[in-house]
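# Inside the fold
Listed here are the chains, written in short residue letters.
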Amino acid sequence: MTRVAVLGGGITGVTTAYALAKRGVDVTLIERHRYAAMETSYANGGQLSASHAEVWNHKATILNALKWMARRDAPLLLHPWPSWHKLSWFAQFLAAMPAYERNTIATARLAIAARAHLFAWAQEEHIDFDHRRAGILHVYRDRRGFERAAGVSRLLAQGGLERRAVTRQEMRAIEPTLQGDFYGGYYTDSDSTGDIHKFTSGLADACVRLGVACRYGAQVTALAREHGKVLISVGVGEDSSVFDAVVICAGTASRAMAAMLGDHVNVYPVKGYSITVQLDDAASRAAAPKVSLLDDATKLVSSRLGEDRLRVAGTAEFNGFNDDIRADRIRPLVRWVEQCFPGVNTRKVIPWAGLRPMLPDMLPKVGPGKAPGVYYNTGHGHLGWTLAAATAEMVAEVLLSSSAANR
C-alpha cells in the first residue's frame, strides 16, 4: 500500500487526507498545531462562493492599492517596505494579468465542481457546520461598480455559474434587514455559507475513522528525497519518517517546504481579518442578515452562522508573516455592521486575523513537483474553503495514477 504524508491540517490538508483515505491509501496527516483548522481555516468569512471566483490580476486592483496606500483602514493595504519575496510576487502578479479572464473562468469551474464533493462528504460523515443555502448577494453602491460586475458575471457564466442582476427593491426582498444607499446588486442563489472550522474539524474526525494517522503538535523541520522515498523530520533530534509520497498543503508555510524539495512555490501571506458578532439577544438575531453578502465598496463579506453568530470578514494586507490583530483594521468591520444592520448589538465581538496563502496568478498549485513522490495542494488564497474539496480530489487522482504507473 502506498504510504503518503499530508503536511498541513487546514481545510486543504484535511480534505486531501480524506480523499486519499477514501481511496484506500495509508495516510499520515502532520500538523503543527494541537488540533485541525487552527490557522487560516479557523474564522474566515464563511462563504462557499463560486460567485467570488474573479481573480485579482486586474488593473482595478493595482489602482485601488495605490489609491489606498495612505489609509490605515483601507480594504487593500500594501505596506511599502520592500522584500525580495514581496517584489518577486508582485512581478509575477503583473505578469499574470493577461490571463485574468481565463483564470477567472477556470476558478469558477473549479468552485462549482467542489460543491458536489463537499456537500456529499458532509452528508456521508454527518458533519454539522451551520450550512446555509440562502445564496450570496453582491451589493454595489454606485453605477460604475455595478456595471463592472456585469462583465465579471459574463466570465462567471462561461465557467458555468449563473448569477443575476437585481434592483434595489429586489435586494430588499432578498435581504430585508440590509440598510444603506445601494445602486443595485447581483445574486447567486446556488452559493452557500458554513463554518469552515466546524467542517474541517468534523472531517478530521472522519479521517481518523478511516484510519488516517493524525500527528498533531508536530513541526516539520526537514524534507528530503532519498532512494525513491520522502524523508520527513519532525521536531529536533527525532529520526526521519519515510513515506512513498508527500502532499504539501501547508498554507503560507508551503513556500519554505517546497524549497527543501527543490521547488519554487511563490506563496505570499496576505492577511485578512474577521469579526464574529455574538447575537445574544432576540432583537439582534432578528436584525442580522440571513443571506450572505459581499459589499464591493468595502470588500467585506458577511455570513450568518447558525442563529447566534454573524461573521464579517475581508480586507487584504500585504505585510509579510505578520498575524497581529490591529484595532484600526478591525474597526471598519464593526462600523460596517453598525451602519448596514443598526439593530445588531455589537457589544460582544470576537476579532481574528489569518494569513491567506496566495500565489501570484490566484490559482492554487495542484499536482506534482519536480521530484517523484512530491505533490502540492496549496495556494488557494481567499478561496480555500470554496475550492478545497475539488483540488483534494484532483491531487488524490494524480497521486494514485502516478503511483500505479511507477509500480
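You'll find the structure just up there.
Residues numbered from 1 in each chain as written. Predicted model: local features only at pLDDT ≥ 70, side-chain atom pairs only at ≥ 80, totals over all residues. Heavy atoms only, no water.

## Some remarks on the overall build of the protein chain
Within the protein chain one finds 11 helices and 20 strands. What you see for the protein chain is a C-alpha radius of gyration of 21 Å, in line with the 22 Å of a compact globule of 407 residues. Structurally, the protein chain occupies a C-alpha span of about 65 × 45 × 40 Å along its principal axes. Taking all 407 residues of the protein chain together, 58% fall into the buried category. (Helix = DSSP H or I, 4+ residues; strand = E, 2+ residues; numbered from the N terminus. Rg over C-alpha atoms; globule rule 2.2 N^0.38 Å. Buried < 20%, exposed > 50% of the residue type's maximum accessible area, 1.4 Å probe, protein only.)

## A word on helix α10 (residues 327-340)
In this model, α10 (14 residues) spans 20 Å end to end at C-alpha, consistent with the 20 Å of a helix rising 1.5 Å per residue. The complete set of buried residues in α10 reads D328, R329, I330, P332, L333, V334, W336, V337 and C340. Structurally, α10 contributes buried residues whose contacts are with β4 (76-78), β14 (268-278), β15 (292-295), β16 (300-305), β17 (309-318) and β18 (349-358). (Expected span 1.5 Å × (residues − 1). Contact = heavy atoms within 4.5 Å.)

## Side note on helix α3 (residues 84-95)
Spanning 12 residues, α3 covers 16 Å between terminal C-alpha atoms, matching the ideal 16 Å at 1.5 Å per step. Within α3, the full set of buried residues consists of H85, K86, S88, W89 and F93. Summarising the contacts, the buried residues of α3 are in contact with α2 (59-67), β4, α8 (254-260), β14, β17 and β18.

## Let's talk about the pairing of strand β5 (residues 136-140)
Counting buried residues along β5, five of its five residues qualify, which places the element largely inside the surrounding structure. Of the two faces of β5, the one holding I136, H138 and Y140 and the one holding L137 and V139 are both buried throughout. Judged from the five bridges that link them, β5 and strand β7 (residues 184-188) form a sheet pairing that is antiparallel. Bridge pairing in β7 places H138 opposite Y186. Bridge analysis of β5 against β15 gives four bridges, and the strand direction is parallel. (Pairing = 2+ DSSP bridges.)

## Re the packing of aromatic side chains
Counted under the stated rule, the structure contains 16 aromatic pairs. For the ring pair W89 and Y268, a centre distance of 6.1 Å and an interplane angle of 50° mean the geometry is tilted. Taken together, the residues W89 in helix α3 and Y268 in strand β14 connect sequence positions 179 residues apart. Both residues of the pair, W89 and Y268, belong to the buried class. Here the aromatic cluster, defined as three or more aromatic residues joined through ring pairs, consists of W89, F90, F93, Y268 and F318. (Phe/Tyr/Trp six-rings, centres within 6.5 Å; stacked < 30°, edge-to-face > 60°.)

## So, unusual backbone geometry
Peptide bonds are, in most cases, trans, and in most cases residues other than glycine have a negative phi. In this structure, D130 takes a positive phi of about 55° despite not being glycine. Mapped onto the elements, D130 comes out in the loop between α4 (100-125) and β5. Positive phi, normally seen in glycine, also occurs at T315, with a value near 65°. Within the secondary structure layout, T315 lies in strand β17. The exposure class assigned to T315 is buried, which follows from its relative accessible area of 8%.

## Concerning the pairing of strand β1 (residues 3-7)
Where burial is concerned, most of β1 is hidden: four out of the five residues are buried. Crossover connection from β1 via helix α1 (residues 11-22) to parallel strand β2 (residues 26-31): handedness right-handed. Where β1 meets strand β13 (residues 245-248), four bridges bridge the pair, whose relative direction is parallel. Its bridge partner being in β13, V4 is matched across the sheet by A245. (Right-handed = clockwise from strand over helix to strand, strands pointing away.)

## Topic: the packing of α4 against helix α7 (residues 196-209)
For the pair α4 and α7, the least separation of the axes is 11 Å and the interaxial angle reads 65°. For the element pair α4 and α7, the recorded crossing hand is left-handed. Along the contact surface, α4 presents L118, W121, A122 and E125, while α7 presents F199, L203, A206 and R209. Residue composition of the contact of α4 with α7, by class: six nonpolar, no polar and two charged. (Axes fitted to C-alpha atoms, helices over the stretch in contact; angles between N-to-C directions. Left-handed = near helix turned anticlockwise from the far one by under 90°. Nonpolar A, V, L, I, M, F, W, Y, C, P; charged D, E, K, R; others polar.)

## Some thoughts on the packing of α4 against helix α5 (residues 143-158)
Two packed helices can be described by the angle between their axes and the distance between those axes. Axis separation between α4 and α5 bottoms out at 8 Å; the angle between their running directions is 60°. Between α4 and α5, the angle falls in the class oblique. For the element pair α4 and α5, the recorded crossing hand is right-handed. Contacts between α4 and α5 pair Y100, E101, T104, I105, A108 and R109 from the former with R148, V152, L155, L156 and Q158 from the latter. Residue composition of the contact of α4 with α5, grouped by class: six nonpolar, two polar and three charged. (Parallel < 35°, antiparallel > 145°, perpendicular 65-115°, else oblique.)

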